[in-house]
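# Observations on the three-dimensional arrangement
Read off the chains here:
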Amino acid sequence: MRPIQMVDTKTQYHRIKSEVDQAVLEVLESSAFINGKPVQQFAEELASYLGVAHVIPCANGTDALQIAMMALGLQPGDEVITPSFTYIATTEVIALLRLTPVFVEVDPHTFCMDPDSLRKAITPKTKAIVPVHLYGHAAPMAELLRIANEHNLFVIEDNAQAIGCDYHFSDGRVAKTGTLGHIGCTSFYPSKNLGAYGDGGAIFTNDSALAERLRMIANHGQRQRYYHEIVGCNSRLDSVQAAILRIKLRHLDAYNEARRSVADFYDQAFATHPLVTTPFQAVYSKHVYHQYTLKLAAGVDRDGLVKYLADRSIPSMIYYPVPGHRQPMFAEFGSAEHSMPITDALTDVVISLPIHTEMDEEQKAYIANAVLEYLNK
Ligand SMILES: *Cc1c(COP(=O)(O)O)cnc(C)c1O
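In what follows, the accompanying structure is described. All residue numbers refer to positions counted from 1 along the written sequence of the respective chain. Thresholds applied to this predicted model are a pLDDT of at least 70 for local features of residues and 80 or more for the giving and counting of side-chain atom pairs; totals over whole chains, interfaces and linings are not thresholded and use all residues. Computation of side-chain values: all heavy atoms of the structure, hydrogens and water removed.

### Side note on the sheet that holds strand β13 (residues 292-296)
Reading across from one edge, β12-β13-β14 is the order of the three strands in this open sheet, with antiparallel pairing throughout. This sheet does not close on itself; its edge strands, each paired only once, are β12 (276-277) and β14 (350-353). As defined by bridge partners, β12 adjoins β13 across two bridges and the pair is classed as antiparallel. Across the sheet, residue V276 finds its bridge partner in β13, namely L296. Pairing between strands is defined by DSSP: at least two bridges between them are needed. Helix and strand labels come from DSSP, where a helix needs a run of H or I of at least four residues and a strand needs a run of E of at least two; each type is numbered from the N terminus.

### Some thoughts on the sheet that holds strand β3 (residues 100-104)
Pairing in this open sheet of seven strands is mixed, and the strands run β1-β9-β8-β5-β4-β2-β3 from one edge to the other. Here the strands that pair on one side only, and so sit at the sheet edges, are β1 (54-58) and β3. Within the sheet, the average angular offset between the axes of one strand and its neighbour, ignoring direction, is 25°. As paired elements, β1 and strand β9 (residues 201-205) share five bridges and run antiparallel to each other. Its bridge partner lying in β9, I56 is registered against I203. Across the sheet, helix α7 (residues 141-150) lies against β4 (126-129) and β5 (154-158), angled at about 150° from β5, the strand it touches most. Axes here refer to lines fitted to C-alpha atoms; in helices the fit is confined to the stretch in contact. Angles between the N-to-C directions go from 0 to 180 degrees. Here, two residues are considered to be in contact whenever any of their heavy atoms come within 4.5 Å of each other.

### Section: the packing of aromatic side chains
Pairing of aromatic side chains requires ring centres within 6.5 Å, counting the rings of Phe and Tyr and the six-membered ring of Trp. Pairs whose planes differ by under 30 degrees are stacked, by over 60 edge-to-face, and all others tilted. Evaluation of the coordinates by the stated rule reveals 15 aromatic pairs. Lysine NZ or arginine CZ positioned within 6 Å of the ring centre and within 35 degrees of the ring normal marks a charge as sitting over the ring. The side chain of R312 reaches across the aromatic face of Y308, ending 3.5 Å from its centre.

### Side note on the pairing of β3
It is a general feature of regular strands that their side chains alternate between the two faces of the sheet. Per-residue accessibility, obtained with a 1.4 Å probe over protein chains only, is compared with the maximum for each type, and a residue is labelled buried under 20%, exposed over 50%, and partly exposed between these values. Counting buried residues in β3 gives four out of five residues, a clear majority hidden from the surface. Here strand β2 (residues 79-83) pairs with β3 via five bridges, running parallel. Looking at the pairing, I81 lines up with V102 of β3. Crossover handedness is defined by viewing with both strands directed away from the observer: a clockwise path from the first strand over the helix to the second marks the crossover as right-handed. With helix α5 (residues 88-96) bridging β2 and its parallel neighbour β3, the resulting β-α-β unit is right-handed.

### Topic: unusual backbone geometry
The step from Y319 to Y320 runs through a cis peptide bond, and the omega angle for that step is 5°. Mapping Y320 onto the fold places it in the loop between α10 (302-311) and α11 (341-349). Notably, H220 is not glycine yet its phi reads approximately 55°, a positive angle. As for its placement among the helices and strands, H220 is situated in the loop between α8 (208-217) and β10 (222-224). Its identity is not glycine, yet Y289 carries a phi of approximately 45°, on the positive side. Here Y289 lies in the loop between β12 and β13.

### Structural notes on the packing of helix α4 (residues 61-71) against α8
For any two helices packed against each other, one specifies the crossing angle of their axes together with the interaxial distance. Where α4 meets α8, the axes come as close as 9 Å, and the angle between the chain directions of the two elements is 125°. What the angle tells us is that α4 and α8 run oblique. Helix-helix and strand crossings are classified by hand; for α4 and α8 the assignment is right-handed. On α8, the residues that touch I67, A68, M70 and A71 of α4 are L210, R213, L214 and I217. Gly is placed with the polar residues, together with every amino acid not listed as nonpolar (Ala, Val, Leu, Ile, Met, Phe, Trp, Tyr, Cys and Pro) or charged (Asp, Glu, Lys and Arg). Here the residues of the contact of α4 with α8 are counted per class, giving seven nonpolar, no polar and one charged. Geometric relationships in this document are graded by angle, where less than 35 degrees denotes roughly parallel, more than 145 denotes roughly antiparallel, 65 to 115 denotes roughly perpendicular, and other angles denote oblique. Two helices crossing with the near one rotated counterclockwise from the far one by less than a right angle form a left-handed crossing, whereas a clockwise rotation gives a right-handed crossing.

### Things to note about α4
Along α4, nine of the eleven residues are buried, which leaves the element largely enclosed by surrounding structure. Among the residues making up α4, those that are buried are G61, D63, A64, L65, Q66, I67, A68, M69 and A71. The inward-facing, buried residues of α4 abut β1, α5, β5, β8 (183-187), β9 and α8. With a side-chain oxygen lying 3.0 Å from the backbone nitrogen of T62, the N-terminal cap of α4 falls on N60. Phi turns positive one or two residues past the end of α4, at G73, with a value near 65°. For the purposes of these results, a polar contact is taken to be a pair of N or O atoms within 3.5 Å, where, inside protein, one atom must be able to donate a hydrogen and its partner to accept one; residues adjacent in sequence count only when each atom of the pair is a side-chain atom.

### Some details on α11
Along α11, the residues classified as buried are T343, D344, L346 and T347. Down the axis of α11, the buried set is contained in an arc of 165°. They therefore lie on one face. With respect to the buried face of α11, the exposed residues turned more than 90 degrees away are P341 and D348. Those residues of α11 that are buried are in contact with β3, β13, α10 and β14. Note that the arc is computed from the directions linking the helix axis to the C-beta atoms.

### Section: the site of the ligand
What surrounds the ligand is a group of 13 residues, the closest being G61, T62, D158, S187 and K192. Contacts to the ligand include T62, whose side-chain N or O atom sits 2.5 Å from an oxygen atom. Here S187 contributes a side-chain N or O atom positioned 2.7 Å from an oxygen atom of the ligand. For the area figures, the Shrake-Rupley method with a 1.4 Å probe applies, and any residue is considered shielded solely by the protein chains shown. Contact with the protein chains covers 92% of the free accessible surface of the ligand, which is 380 Å². Looking at the shell around the ligand, the elements that each hand over two or more residues are α4 and α5. A per-element tally of the shell around the ligand places α4 first, with three residues. Considering only residue class, the shell around the ligand consists of five nonpolar, six polar and two charged. Only a single heavy atom is needed: when it lies within 4 Å of a molecule or strand, its residue is near that molecule or strand.

Here it is in structure tokens:
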């Protein structure tokens with residue numbers, strides 16, 4: 001059997017190698033390493049794929065979130081509401097900009113921002129919310145947008161784990177996650193559903209004025225070279241990454257389909273087992289399974305499962321072992337004193353299994369069997 005990895009970027013590369021190699025060589029030959037043609041081409045192609053007016057490429061997903069928040073004109077002390085149960089980048093940039101992160105609970109089924117918890121957290125200082133489409137499942141955007149609207153809040157979607165995910169509104173309208181709020185952010189970190197061969201990120205918006213501001217901020221606050229209107233930063237997607245991403249974007253739907261088929265296999269294997277809960281899929285979300293995350297029943301020794309799998313050369317991961325509100329980096333906000341029972345409980349029971357576009361039948365069966373063996377011990 002081929003060795004099992006959480007993600008297999010190498011096999012995936014080998015399937016598109018000739019195309020990618022040629023595109024990379026073209027960039028090298030052009031020597032337009034920064035701001036070369038592929039950057040603009042990729043931005044246009046991604047905009048068209050997502051059905052969004054503007055795509056602003058940048059250096060990584062964390063920058064995308066930071067630039068998004070910088071563009072909204074928030075002031076130090078303004079509150080930004082975000083789930084505690086997310087990757088640190090979502091919340092770190094809030095504190096970095098001297099804004100106040102306010103942590104809310106996630107729904108225990110979807111792992112995404114809980115609308116009731118959001119409502120309770122809103123104060124006169126609240127200026128923005130950052131829903132995260134965690135693990136590839138859409139946050140309940142219709143409801144979150146309604147609440148944001150009522151309170152005049154900006155909505156920044158953290159779409160780093162859900163590129164390609166379809167959101168189904170109750171009136172039948174379908175749109176991609178990341179294009180539903182004021183600004184969407186994504187990452188092209190190699191293991192993401194649309195991964196580059198290095199770092200990369202992008203920001204989406206349908207608002208032309210905001211797009212202009214985002215573009216300026218990502219480029220030292222300038223519209224015209226050497227004329228700096230506002231304080232920005234330096235955040236670029238390079239031409240080599242853009243050339244690679246152009247090719248991989250054409251495969252994105254197939255990649256997400258491949259992930260879904262792995263998830264279907266696991267779902268069936270674990271469906272009736274009383275000691276695990278398989279990922280939930282809400283009617284409004286077409287899951288893209290950035291992660292396949294099980295919840296273990298009370299009493300199942302998670303560390304024991306991790307070790308049992310590791311002993312059989314099966315990697316697994318805990319996303320995330322410490323929720324945001326318990327991170328020492330946020331100590332000044334006193335967030336650890338807030339009671340977040342759902343988030344704390346989830347932190348203790350989640351485990352993510354290998355899922356990627358290159359898994360074969362033998363690997364899937366081997367992993368599922370090992371998990372079931374452990375649970376049945
Ligand atoms: C990966 C990720 C990011 C940050 O992306 P980088 O490109 O690593 O900076 C932000 N938010 C979430 C939810 C992520 O998974």
